[in-house]
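# Structural characterization, general
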Protein chains: 2
Amino acid sequence: MDSDLDKLVDAVASRVRLRLAGEMRKSPCCASREECSGEGLCAARRADDVALIRDSGACRVGAAPGIGQVRGDLAAAIDHTLLKPDATREDLKKLCDEAKRYGFASVCVNSANVRVVKEMLRGSPVMAVAVVGFPLGAMSTQAKAFEAREAVRMGADEIDMVINIGALKSREYAQVEEDIRAVVQASRPHPVKVILETGALSQEEKIIGCALSRAAGAAFVKTSTGFGPGGATVEDVALMRRVVGDEMGVKASGGVRSTEDAEKMMKAGATRIGASASVAIVGGKNGKASGGKY
Amino acid sequence: MDSDLDKLVDAVASRVRLRLAGEMRKSPCCASREECSGEGLCAARRADDVALIRDSGACRVGAAPGIGQVRGDLAAAIDHTLLKPDATREDLKKLCDEAKRYGFASVCVNSANVRVVKEMLRGSPVMAVAVVGFPLGAMSTQAKAFEAREAVRMGADEIDMVINIGALKSREYAQVEEDIRAVVQASRPHPVKVILETGALSQEEKIIGCALSRAAGAAFVKTSTGFGPGGATVEDVALMRRVVGDEMGVKASGGVRSTEDAEKMMKAGATRIGASASVAIVGGKNGKASGGKY
């Protein structure tokens, strides 16, 4: 009886995972929760629905043999991240293997590595995310847009760009918005996340950064690069969610290293988590610090 | 008598400065010391000759009213650097004003800021240097080359690119060389410096990085971004000079904050210094740390 139930649950879990993964692949565009009709990054953005599915019986959504206590709802919201410039092929292989094994939403890498991870991920529902203008955001707009276009050409499913922090601080808001818009246009139809580097910004600058991201057509705002000062905080995530509303995603990244960290971020309004300690997060453990002085 | 001598020295110093600056503008290509026929970045690369000029009577080369004890030979070898992503227009204006006032070789900025500093430097011999693929070097080759081309189009006189560190560590030497070559070609006829990020490399990797930079047609090798682990060391500068020979430039950057630091680097073989504490360096003072977690 238990064994049959287990099989049934596994079958349900497997179908749900495939369905969610399929939806992710179908259309990466951003849909509001109210108007959602099967498109959008549901697994990542509709954490509540995923929780509902789980709570309705598929209590092992995202589980797969041999993983142990995987937090399926968390796994599907995690961009499994490796941005250290000294990352080797071997490191990238490990990253992709883990993403496939644990059912992470994506692997997030530097644009030089998109092609190779895309190849490594072939046949799996895991997406490739490329960072652009990373981590300073101080690259010229044309160069950022070109980097994004190239990354998409090489297989990137999503683009995480860094906002022009200096222009934001100089109150060159039109320039900041054009910078984002150029990357959004170059990446179409793939969604763009705008990294604000919240730890370097004042409260007002965070709010303005969110508003300009929304105005420029970005799909997500994202807290931190992991290379700058500070990381994701519950307060910043809640603020960003308030400013962008329900139609956009919010990605918490930088210093998210445990299940508890991740859950706090999701509760504050995050729909995606960027982490290198992803395996520890879904396994209920604490991961070690990374980023910074790589 | 003293006053006349002062006037004469000032006139000589002024002419020498103009001449050196003119040579810098005429052709930025790399000429060997032996074969030099008036082209090349003499002020920066021929520190010995500049010292000779100074020692031969123009003891105040590079001096200008009101500066005090300026080290003219050092000033002409310094790329006055501001790469923090939160740099404002005002910060860039100060950087350019200082570069003009102290006779630095250039200002070194992120590619988003090339256009504005070029405008600020108009009518002066100070060059604009743009960093590319900065600071991780993990951008796709096409994107790095595009960023370099755009920077040159916006007025960059020199390009400082970051090597693909991960590819170097993965022994993908052909890829590393092609990455550099693409930037060199995109930047022609402007010289390219290759930042090795020595603090992240083994001894062998430093040597290989120098050799590949030379093979790919770079004009300089450069130690550090200032955002990675470690900075310029006397040992690394000496090693780099040995590997690239006399025809190429060596730029010491990262943690160079005092006259003493700068002089040690020049003695070890550096022909250019990258520093944000440039004013302190030429004034015989110690500057404070910058870079890192900006």
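Residues numbered from 1 in each chain as written. Chains lettered and ligands numbered in written order. Predicted model: local features only at pLDDT ≥ 70, side-chain atom pairs only at ≥ 80, totals over all residues. Heavy atoms only, no water.

This next bit is on the interface of chain B and chain A. Taken together, the contacts link 39 residues of chain B with 39 residues of chain A. Across the chain B/chain A interface, buried area totals approximately 3,200 Å², and carbon plus sulfur atoms make up 62% of it. Linking chain B to chain A there are two salt bridges. Arg89 of chain A is the salt-bridge partner of Glu172 of chain B, the closest N and O atoms lying 3.6 Å from each other. Summed over the shared surface of chain B and chain A, the result is eight residue pairs in polar contact (both at pLDDT 80 or more). Breaking the side of chain B that touches chain A down by element, the ones donating at least two residues are helix H7 (141-153) and helix H8 (165-169) of chain B. (Contact = heavy atoms within 4.5 Å. Buried area = accessible area lost by both parts, 1.4 Å probe. Salt bridge = Lys/Arg side-chain N within 4 Å of Asp/Glu carboxyl O. Polar contact = N/O pair within 3.5 Å; in protein donor to acceptor, adjacent residues only side chain to side chain. Helix = DSSP H or I, 4+ residues; strand = E, 2+ residues; numbered from the N terminus.)

Residues and elements named next belong to chain B. Of note, Glu98 is situated in helix H5 (residues 89-102). A relative accessible area of 18% places Glu98 in the buried class. Within polar-contact distance, the side chain of Glu98 engages the side chain of His80 at 2.7 Å. Beyond its immediate stretch of four places on either side in the chain, Glu98 contacts His80, Phe104 and Val279. (Buried < 20%, exposed > 50% of the residue type's maximum accessible area, 1.4 Å probe, protein only.)

Our focus in this paragraph is the packing of helix H9 (residues 173-187) of chain B against helix H10 (residues 203-215) of chain B. When two helices pack together, their arrangement is captured by the angle between the axes and the distance separating the axes. Residue and element names in this part refer to chain B. Contact pair H9 / H10: the axes reach a minimum separation of 9 Å and the direction vectors enclose 45 degrees. Relative to H10, the element H9 is oriented oblique. Crossing of H9 over H10 shows right-handed handedness. Residues Tyr173, Val176, Glu177, Ile180 and Arg181 of H9 form the contact with H10, whose own contacting residues are Ile208, Leu212, Ser213 and Ala215. Looking at the contact of H9 with H10 residue by residue, the classes come out as six nonpolar, one polar and two charged. (Axes fitted to C-alpha atoms, helices over the stretch in contact; angles between N-to-C directions. Parallel < 35°, antiparallel > 145°, perpendicular 65-115°, else oblique. Left-handed = near helix turned anticlockwise from the far one by under 90°. Nonpolar A, V, L, I, M, F, W, Y, C, P; charged D, E, K, R; others polar.)

On to the relation of the copies chain B and chain A, then. Each copy superposes on the other: chain B lies on chain A with an RMSD of 0.0 Å after a rotation of 180 degrees and an axial shift of 0.0 Å. One copy is carried onto the other by what is essentially a two-fold rotation axis. Interface overlap between copies: 100% of the residues of chain B at the interface are likewise at the interface in chain A, consistent with a symmetric, same-surface contact. (Least-squares fit on C-alpha atoms with pLDDT ≥ 70 in both.)

To continue, consider the nonpolar core. A general tendency of soluble globular proteins is for nonpolar side chains to be buried together. With 66 residues, the main nonpolar core has Val107, Ile159, Ile163, Ile180, Val194, Met265 and Ile273 of chain A as its most contacted residues. Counting 65 residues, the second largest nonpolar core, distinct from the first, contains Leu92, Ala148, Met161 and Ala275 of chain B. (Core = buried A, V, L, I, M, F, W, Y, C linked by side-chain atoms within 4.5 Å.)

Residues and elements named next belong to chain B. Its location among the elements puts Asp179 in helix H9. Look at Asp179 and you get buried, because its relative accessible area is 1%. With residues near it in sequence (within four places) discarded, Asp179 still touches Thr141, Lys144, Met161, Val162 and Asn164. Of the polar contacts made by the side chain of Asp179, one reaches the side chain of Lys144; its length is 2.5 Å.

Moving on, we come to the pairing of strand E4 (residues 158-162) of chain A. Residue and element names in this part refer to chain A. Along E4, five of the five residues are buried, which leaves the element largely enclosed by surrounding structure. A two-sided burial pattern is seen for E4, the buried positions comprising Glu158, Asp160 and Val162 on one face and Ile159 and Met161 on the other. Here strand E3 (residues 127-132) pairs with E4 via four bridges, running parallel. Note on E4: the bridge partner recorded for Ala130 is Ile159. Handedness of the crossover joining E3 and E4 through helix H7 (residues 141-153): right-handed. Bridge count between E4 and strand E5 (residues 192-195): four bridges; the pairing is parallel. Across the sheet, residue Met161 finds its bridge partner in E5, namely Val194. (Pairing = 2+ DSSP bridges. Right-handed = clockwise from strand over helix to strand, strands pointing away.)

Further remarks concern the pattern of salt bridges. Residues and elements named next belong to chain B. A complete count under the given rule lists 38 salt bridges over all chains for this structure. Put simply, Lys193 and Glu158 hold a salt bridge, and the shortest N to O gap is 2.5 Å. Here Lys193, found in strand E5 (residues 192-195), pairs with Glu158, found in strand E4 (residues 158-162); they are 35 residues apart in sequence, far enough to count as distant. For the pair shown, Lys193 and Glu158 are each scored as buried. The shortest N-O distance in the salt bridge between Glu177 and Arg181 comes to 2.2 Å. Within this pair, Glu177 and its partner Arg181 are both found in helix H9, separated by four residues, close to a single helical turn. According to the relative accessible area criterion, Arg181 is partly exposed, its value standing at 32%.

Residues and elements named next belong to chain A. Taking strand neighbours around the barrel as the criterion, the eight strands line up as E1-E2-E3-E4-E5-E6-E7-E8 in a closed arrangement whose pairing is parallel. Averaged over all adjacent pairs, the angle separating strand axes in this sheet is 25 degrees, with direction ignored. In this structure, strand E1 (residues 78-82) lies alongside strand E8 (residues 272-275), joined through three bridges in parallel fashion. Directly across from Asp79, in E8, lies its bridge partner Gly274. Where helix H5 (residues 89-102) meets the sheet, it contacts E1 and strand E2 (106-110), and its direction lies at approximately 170 degrees from that of E1.

Moving on: the sheet that holds strand E8 (residues 272-275) of chain B. All names here are of chain B. Taken together, eight strands build a closed barrel; the order of strands is E1-E2-E3-E4-E5-E6-E7-E8 and the barrel is parallel. Averaged over neighbouring strand pairs, the angle between their axes works out to 25 degrees when direction is ignored. Against the sheet, helix H11 (residues 234-244) makes contact with strand E6 (220-222) and strand E7 (249-253), and its axis sits at roughly 165 degrees relative to E7, the strand it touches most.

A few words now on the side chain of Ser111 of chain B. Among the structural elements, Ser111 of chain B can be located in the loop between strand E2 (106-110) and helix H6 (114-120). A relative accessible area of 1% places Ser111 of chain B in the buried class. Within the structure, the side chain of Ser111 of chain B is placed 2.7 Å from the side chain of Glu147 of chain B, a separation counted as a polar contact. Once you skip the residues sitting within four places of it in the chain, Ser111 of chain B turns out to touch Ala138, Met139 and Ser140 of chain A together with Val131, Glu147 and Met154 of chain B.

Residue and element names in this part refer to chain A. When pLDDT is averaged along chain A, the result is 82, and 73% of the positions lie at 70 or above. Note on residues 15-70: pLDDT under 50 across the span, and 90 contacts to partners over four residues away in sequence or across chains. Scored as a complex, the prediction yields pTM 0.76 and ipTM 0.73. (pLDDT = per-residue confidence, 0-100.)

All names here are of chain B. Among the secondary structure elements, Ala75 is positioned in helix H4 (residues 72-75). Each C-alpha atom, one on Ala75 and one on Tyr102, is 6.6 Å from the other, the two residues being 27 residues apart in sequence. Residue contacts for Ala75: discarding those within four places in its chain leaves Tyr102, Gly103, Phe104, Ala105 and Val282.

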